[in-house]
Amino acid sequence: MMNKEEVLERFLSYISIDTESDASSPTTPSTDKQWDLARKLHQELIDMGMSDVTIDEHAYVMATLPSNVDHEVPTIGFISHFDTTPDYTGKNIKPQIIENYDGGDIPLKGSDLILSPDYFESLKNYIGQTIITTDGTTLLAADDKAGITEIMTAVKYLIDHPEIKHGAIKVGFTPDEEIGRGAHKFDVEKFGADWAYTMDGSQVGELEYENFNAAGAVVTFHGKIVHPGYAKGKMINSMYVASEFIESLPKLETPEHTEDYQGFFHLHNMKGSVEKTELHYIIRDHDKEHFEARKEMLLKLVSDLNEQYDREAVSIEINDQYYNMREKVEPVMHIVDVAEKAMKELGITPLIKPIRGGTDGSQLSYMGLPCPNIFAGGHNFHGPYEYVPLESIVKATEVIVKIAELVAQPE
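A few points on the structure. Everything numeric in this text was worked out from a predicted model, so none of it was measured.

**Points about the packing of aromatic side chains**
Summed over all chains, the structure comprises ten aromatic pairs. Ring geometry for phenylalanine 212 and phenylalanine 264: centres 5.4 Å apart, planes at 85°, overall edge-to-face. Of this pair, phenylalanine 212 sits in the loop between β10 (206-208) and β11 (213-222) while phenylalanine 264 sits in strand β12 (residues 264-272), placing them 52 residues apart in sequence. The burial state of phenylalanine 212 is the same as that of phenylalanine 264; both residues are buried. Feature note: the residues Tyr60, Phe186 and Phe191 constitute an aromatic cluster, connected by ring pairs.

Structure follows, in structure tokens:
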């Protein structure tokens, strides 16, 4: 059995280190403070006796737990990211630990926020468990320091219990996943696994091998500024043109109106003046044809507005970010099957569903390392309502150990 207190202590030690990433930075890692946790993990892996422990010039941490069986076994890996999202601060996290949760409201005592099961219904699944929350002033960083905790605890457990037979196991920790760059400098060949799993999902049982196709778009509107007292027939207000663009997109195809396999356009940032306005969109769809059609829709809107204004009033830049890993995982579906079997043997009901987002695994799968995603246990990521049940972290750790054990069984 896993030691819950040891798991809790490890998790709290990781979330105490601020590792917020920064999309505006050109470096890898994008923030110097990510090095603090990277170096800590590197040293902990050395101290626990892992082999081939490395940290490279971009803060990617890798290590190997050697096989303890004589027969040939596939080499598998487990990967998590140590950065946290720039959407909400992860500095000076003050976690609340709610033991034997009674199913009621949880005041987040550093603020006037309430974590309530009336709004966040998932809380009802964890009555009687130990819930770790924020104090309402930060995020919790369970995304993905819960995943790191699970991987580190699992390999330590396997080291301490050599009676559990396993093949070679690789572990990897990455920077900048939250800004879409976590896999960009990941050395797949050096990692040396036949396949891997990211521990980066949410509720207990999640097992995912499908994700969005993703692109980012910057739409720029060019106006003309003149004195407003003499503007008739001369001024072009770029913000009004931008409003036309926004209103032309399907109003129900946004994140707050979609679920499951439904794609969306998401306007996540805007800045404007009369002379120039920029809209920053992300484009998401599981279906490749629908994904391409969404990009074409944006291009058509730009073309139509330029024709309407008889000038280049609008310009657009679209960049693909990542693709649906399903294409790369389906030919090796046994890697999903073994994770599903591990969960079932532990009494966990697998929840196989598409990811409404992306993980390092989606990019790594296209880099030659098929990489489904497994639950890490947290909920309400990227904000002050984030929480994780301690028992969920323990269960994810047990899944890692069970997968290692199943893969090593002779056929």
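**Concerning the packing of helix α1 (residues 4-15) against helix α3 (residues 142-160)**
Interaxial distance between α1 and α3 falls to 9 Å at its minimum, and their mutual angle equals 135°. Regarding the angle of α1 to α3, the classification is oblique. Taken as a pair, α1 and α3 cross one another with a handedness that is right-handed. Facing α1, whose interface residues are Glu6, Val7, Arg10, Phe11, Tyr14 and Ile15, α3 presents Ala142, Lys145, Ala146, Ile148, Thr149, Met152, Thr153 and Lys156.

**Some remarks on the sheet that holds strand β17 (residues 387-389)**
Read across the open sheet, the three strands follow the order β4-β7-β17; overall the sheet is antiparallel. Of all the strands in the sheet, just β4 (96-98) and β17 have a single pairing partner and so form its edges. Averaged over all pairs of adjacent strands, the angle between their axes in this sheet comes to 20°, without regard to strand direction. Contacting β7 (131-133) and β17, helix α10 (residues 390-407) crosses the sheet at an angle of about 65° to β17.

**Topic: the sheet that holds strand β14 (residues 314-322)**
Spatially, β12-β13-β11-β14 is the arrangement adopted by the four strands of the open sheet, whose pairing is antiparallel. Each of the sheet's edge strands pairs with one partner strand only, and the pair in question is β12 and β14. Strand-to-strand, the axes of this sheet are offset by a mean angle of 15°, without reference to chain direction. Alignment of β12 against strand β13 (residues 276-285), held across eight bridges, turns out to be antiparallel. Note that in β13 the partner of glycine 272 across the bridge is threonine 277.

**Considerations on the pattern of salt bridges**
The full count for this structure, using the stated rule, is 19 salt bridges. Note that glutamate 278 and lysine 276 form a salt bridge whose closest N and O atoms lie 3.8 Å from each other. Its salt-bridge partner being lysine 402, residue glutamate 345 comes within 3.7 Å of it at the nearest N-O pair. Taken together, the positions of glutamate 345 in helix α8 (residues 334-345) and lysine 402 in helix α10 put the pair 57 residues apart, joining distant regions of the chain. Look at lysine 402 and you get buried, because its relative accessible area is 16%. In this structure, a network of salt bridges that share partners links the residues Arg10, Lys40 and Glu44.

**Observations regarding the packing of α8 against α10**
Across the interface, α8 lies against α10 with an axial gap of 9 Å and an inter-helix angle of 120°. Taken together, α8 and α10 sit at an angle that is classed as oblique. The handedness of the crossing between α8 and α10 is right-handed. Across the interface between the two elements, Val338, Ala339, Lys341, Ala342, Met343 and Glu345 from α8 touch Val399, Lys402, Ile403, Leu406 and Val407 from α10.

**Focus: α1**
The terminal C-alpha atoms of α1 lie 17 Å apart, and with twelve residues this matches the ideal 16 Å at 1.5 Å per residue to within 8%. For α1, the secondary structure elements touched by its buried residues are α2 (34-47), β4, β7, α3, β17 and α10. Capping the start of α1, asparagine 3 holds a side-chain oxygen 3.0 Å from the backbone nitrogen of glutamate 5, two or three residues further along.

Conventions used here
- Residues numbered from 1 in each chain as written.
- Predicted model: local features only at pLDDT ≥ 70, side-chain atom pairs only at ≥ 80, totals over all residues.
- Heavy atoms only, no water.
- Phe/Tyr/Trp six-rings, centres within 6.5 Å; stacked < 30°, edge-to-face > 60°.
- Helix = DSSP H or I, 4+ residues; strand = E, 2+ residues; numbered from the N terminus.
- Buried < 20%, exposed > 50% of the residue type's maximum accessible area, 1.4 Å probe, protein only.
- Axes fitted to C-alpha atoms, helices over the stretch in contact; angles between N-to-C directions.
- Parallel < 35°, antiparallel > 145°, perpendicular 65-115°, else oblique.
- Left-handed = near helix turned anticlockwise from the far one by under 90°.
- Contact = heavy atoms within 4.5 Å.
- Pairing = 2+ DSSP bridges.
- Salt bridge = Lys/Arg side-chain N within 4 Å of Asp/Glu carboxyl O.
- Expected span 1.5 Å × (residues − 1).
- Polar contact = N/O pair within 3.5 Å; in protein donor to acceptor, adjacent residues only side chain to side chain.

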